[in-house]
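# Coordinate inspection notes
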Amino acid sequence: MLWLVLSTLRHRKAGFAGAFVALLCAAALVCACGILLDTGLRGSIAPERYAGSPVVVTGDQFVHKTIVKKEGKKKHKAKAIAERAWLPASVAGKVRGANGVRDVITEVTFPAEIGDSADDDRESWGHGWESAALTPFTLREGRAPTADDEIVIDAATARTKGLRPGSTVKVASAVPGGYRVVGVTEQSLKHQTAVFFSTAQAERLSGRSGMVTAIGAHGPVKAIEDAVRGTKATVHTGKDRGKAEFLGAEKSRIKLISMGGALGGTALLVAILVVSGTFALSVQQREREIALLRAVAATPRQVRRMIGREALLVGFVAGPLGAAAGLPLAFWLRDRFRGLGALPPNLDLVVSPFPPFAATLAAVAAAFAAARITARRTARIRPVEALGDTAPGRSGLGVVRILAGLVVTAGAIVLTIVLSGLNTEAASSPVTMLTAIVWTVAVAVLGPAICRAAAAALSVPLRFFPVGGHLAAANLGTGARRLASVVTPLTLMMGLTATILFVQTTMGHAATNQASEGTIAEHVVGPKVPHGTAEEIRRAPGVTAATEVLRSTVRVDLENYGVQGVTPGGLDRTMDLDVREGSLQGLDSSTIAVSSTASARLDVRPGDRLSLALGDGTPIEPKVIAVYERGLGFGDLTVTRDLLAAHVDDPRGTLLIAGTPPDGLPTTDAGTLAENRATTNAEVNYVAMGLILAFTAIAVVNTLAMSTSGRARELALLRLVGTTRRQVMRMLGWETLAIAGIAAALGSAIALVTLTAFSSGMTGGAPHVPPLGHLGVLALGGVLAAAATALPARLAMAARPADTINTRE
Amino acid sequence: MNTSGMNTTGVNTSGSGTGVRDAVRMEKVSKVYGRGRGAVAALREVTTAVPRGRFTAVMGPSGSGKSTFLHCAAGLDTPTSGTVHLGETELSGMYETKLTELRRARVGFVFQAFNLVSSLTVEQNITLPLRLSRTRLDKAWLNEVVARVGLADRTGHRPAQLSGGQQQRVAIARALVTRPEVVFGDEPTGALDTMTARDVLTLLRETVDGMGQTVVMVTHDPVAASYADTVLFLADGRIVDWMDAPSSDKVAARMTRLGAWK
């Protein structure tokens, strides 16, 4: 059998090129996603600041929950918290007391930037000089800081900012001020700037007296673990210390896991859809040959096996090649994500043989699945068809196919309903993609029936054009199956593009709208306004009210909720949260206001107590005093600024000002701020999903080119009977327009249904679809379809028609 | 014009023995396409037998059911009612896989066009049924078949490099290579010019005379039919006549009466 498969593959390269390219792309995407996933799971970051201490003790960066299942089994769940967890300084005493432990060093960490502007994305942290030995940092020149206004800077900062001992410089932090450089260190760190203050000043700037961020030690790990048992401290050694140092990296890893999984899964589904489409088309074009094989000698099983082996062979060649291409793709993605700040520069990709291996396997599996789906049809090719002069195009749908179509449609409806009930982004993002894809699968399965109906409807206007339009209408009417096979990828592309783009605009639009509607204050200052500065502005003449706004994320029962901390005084003049129940009047350190979404999900009403873990893991149980509507724009929970500020890494926030702000204060409007926040997340999604879209675009070009070049004989015949080349092109043009039109209608419908469900779950409103943007998506699809038809058609008509028609299929 | 008294009865029993001498026997075979009001009967209770070792032509005007006759006789299609025997084997009630296995072991086909798999060489095309049934290739027999059809120097060529007549010769070789009980031809010369057609028909005639092969050929060409030992005439789904030792003139005249060339 293999010899037949091989010679067919060799002979019909063009027919398999489509499937080959699709599988290659799928393997590349799956491999790249696999590497991201692998990095998320196993990636590690080398410690920098903690490099000089073999053992590092820090706070617990997780909230925990033990779930007791029915069978009495216990399951432990831990979720990362958003801010750095601090430890009481007394833990350091316990570590010191442990047997065989020496050189115990404590550290405080807080944001501190030298100069006025944080001119790059580089993190910049302030510490007390007592923690210099953690790295260790040593002095190259000058001396250690002792007075409150003295600092030591690292070598790189001294070089880039042109500072020497004796220079004076402004340092921005929770309490900004002027400092004198008294020393420069020998070392500097690759991914962060370190500013050292005197121990007392560092403790003051950190805002948490008696607390430390880390304790470094030399000595037996076991003894230290025993010593800190009973506290919330965790002990890190080796590479694990990097996790304790770079908290942002931990969040990125989780993001990588979810994104890698979602992207890879989507790519795989799209691959199966696209590849089964191209296989179906290639089988359709070889129908007569298969009928001949059936008539002469091959059993239906042999034909099925032949198709299956062709697919596997194509998969085995495309898989490894695609997987190899996936490696540079993963590095390209890494660079993009780093550029967007979504991936820390020191989290490097984990490259192991697993992702390429899995990608190859996935490509082969996708090819096999596609072949299985296609082979069902080949069994229906009857040997008698080889004898007739014309191959009759069967267009009726089989019972199995109709049933499958109904099942998939039902699945899509269920998914849509589920989606409309999801109100967290983590849950609804993957379901949104899945919903759009399953709807497309339904369209693909029921395609011939849909296309026949659509072709019948379109033939009415087409017949007004005597030659091209008339021929096009006839072709559309008789070739429903071919029509369906090219409409499907185009629908997929248009539907997915619209869904991906407009999920972001819907979210952004709803948040921006709520934020700008709810912000009554005319002016916004920020971000990173220190508390002291805010106080000064508040007292300035002309300012009627000033509200500091701080944002963080808390965990309620392991689930993430966005929280804002506001200064309650004069809140009614700067911010309107659209309170529905209760009042914000009594907002203080023991109370909380919740959005209506959170109220419904957490089942809390004014008067109830809500227990939650703040960003640094501190548990609180405030009383709910109000329920408000504008949760998307402002966050699902609202507490006082002072409560929140004590539990975040950076207590500086934005400032809403009512009245006239002091001269020379740079201000923006409320909408801009909300948009900026939404943009980074959206861009990361665009990059990731852009790859899927590129993949579907390739599939569109593929399928259309394949379909057109498969019609070379037909086009030659048309020209032999007197149709000019121009008329043929016009006929193809009308056909392509009809194809694009059907796909646009189906794709728009899929996107609209998906977006409406997404929107009603996430925002409670209608989706936001900018009409021009949507038209752009459809136009792009149309242009792609036109190009993918016109070029192969020109190629197909390059030879003299008499020669073309005489070459046997 | 009739050479026999048994005309227009719809029953032809030219090989009136009880069967073993017959390569194909059909009894009351009907084939109806479609259902209900739109149903079209292509064959109506046809009963006939094809004798072994002879060349039988089936003629009839367009739509007379001659293609359906061939499909049912060769096991390419299953009749709506009636029974078909290939030798001793009854075909009715066989499933597609069984039918395929039967076809590749005991039947050969030559179609009008699209006879060959374009990606395979001449030799690969000829041996295709053997490969698919995993039968050992009898090299001497292959050489003899290839020599008989006159393609000994072309076995490595691909179909696209051959003329139409040569392609039909390859198809005949493929049909013969399994030593089938019957070779069925569906307008095997329909796409060829007169000279080439004559060569192909002569080749078919030689297989009957020289190798004792049974050949059944559907055609609408009186010249082609004149190469046969017997001609069956089909009209409106029934066998309306038959003729032994036909000449092209007699066949043409008979066809005119059937309304083939109005």
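Residues numbered from 1 in each chain as written. Chains lettered and ligands numbered in written order. Predicted model: local features only at pLDDT ≥ 70, side-chain atom pairs only at ≥ 80, totals over all residues.

### A closer look at the sheet that holds strand β1 (residues 55-58) of chain A
Residues and elements named next belong to chain A. The four strands lie next to each other as β5-β15-β1-β16, forming an open sheet whose pairing is antiparallel. Every interior strand has two partners, whereas the edge strands, β5 (102-107) and β16 (234-237), have only one. Taken pair by pair, the neighbouring strands of this sheet meet at an average axis angle of 20 degrees, ignoring direction. Two elements, β1 and β16, share four bridges in a ladder whose sense is antiparallel. In the strand pairing of β16, T58 is matched with T234. Strands β1, β15 (214-218) and β16 of the sheet are contacted by helix α6 (residues 221-228), whose axis makes an angle of about 165 degrees with β16. (Pairing = 2+ DSSP bridges. Helix = DSSP H or I, 4+ residues; strand = E, 2+ residues; numbered from the N terminus. Axes fitted to C-alpha atoms, helices over the stretch in contact; angles between N-to-C directions. Contact = placed C-beta atoms within 7 Å.)

### What to know about the pairing of strand β12 (residues 177-185) of chain A
Residue and element names in this part refer to chain A. Looking at chain direction, strand β9 (residues 139-142) and β12 are connected through three bridges and run antiparallel. Along β12, the bridge assignment pairs G142 with G183. Bridge analysis of strand β10 (residues 150-153) against β12 gives four bridges, and the strand direction is parallel. Across the sheet, residue I153 finds its bridge partner in β12, namely V184. Strand direction decides the pairing type here: strand β11 (residues 168-172) and β12, joined by four bridges, are antiparallel. Bridge pairing links K170 to G178 in β12.

### Regarding the packing of helix α16 (residues 480-518) of chain A against helix α23 (residues 725-762) of chain A
All names here are of chain A. With their axes 7 Å apart at the nearest point, α16 and α23 run at an angle of 35 degrees to one another. By crossing handedness, the relation of α16 to α23 is classed as right-handed. Considered class by class, the residues forming the contact of α16 with α23 number 20 nonpolar, eight polar and no charged. (Left-handed = near helix turned anticlockwise from the far one by under 90°. Nonpolar A, V, L, I, M, F, W, Y, C, P; charged D, E, K, R; others polar.)

### Digging into the environment of T374 of chain A
All names here are of chain A. Take T374: it is sitting in helix α11 (residues 354-378). We classify T374 as buried; it has 25 C-beta atoms within 10 Å. Once residues lying within four places of it in the same chain are set aside, the contact partners of T374 are S276, F279, A280, V283 and I307. (Buried ≥ 20, exposed ≤ 12 C-beta atoms within 10 Å, placed from the backbone.)

### Observations concerning the sheet that holds strand β6 (residues 107-110) of chain B
All names here are of chain B. If you walk across this open sheet you meet the six strands as β6-β7-β8-β3-β9-β10, and the pairing is mixed. Of all the strands in the sheet, just β6 and β10 (238-244) have a single pairing partner and so form its edges. Recorded for the sheet is a direction-independent mean angle of 20 degrees between the axes of neighbouring strands. Relative to β10, strand β9 (residues 230-235) runs antiparallel, the two being bridged by six bridges. The residue bridging V231 from the neighbouring strand is M243, located in β10.

### Re the nonpolar core
Ranked by size, the top nonpolar core spans 322 residues in total, and within it L23, A26 and A27 of chain A carry the most contacts. Not counting residues within four places of it along the chain, the set of residues in contact with A27 of chain A comprises A318, G319, G322, A323, G326, A359, T360, A362 and A363 of chain A. (Core = buried A, V, L, I, M, F, W, Y, C linked by C-beta atoms within 7 Å.)

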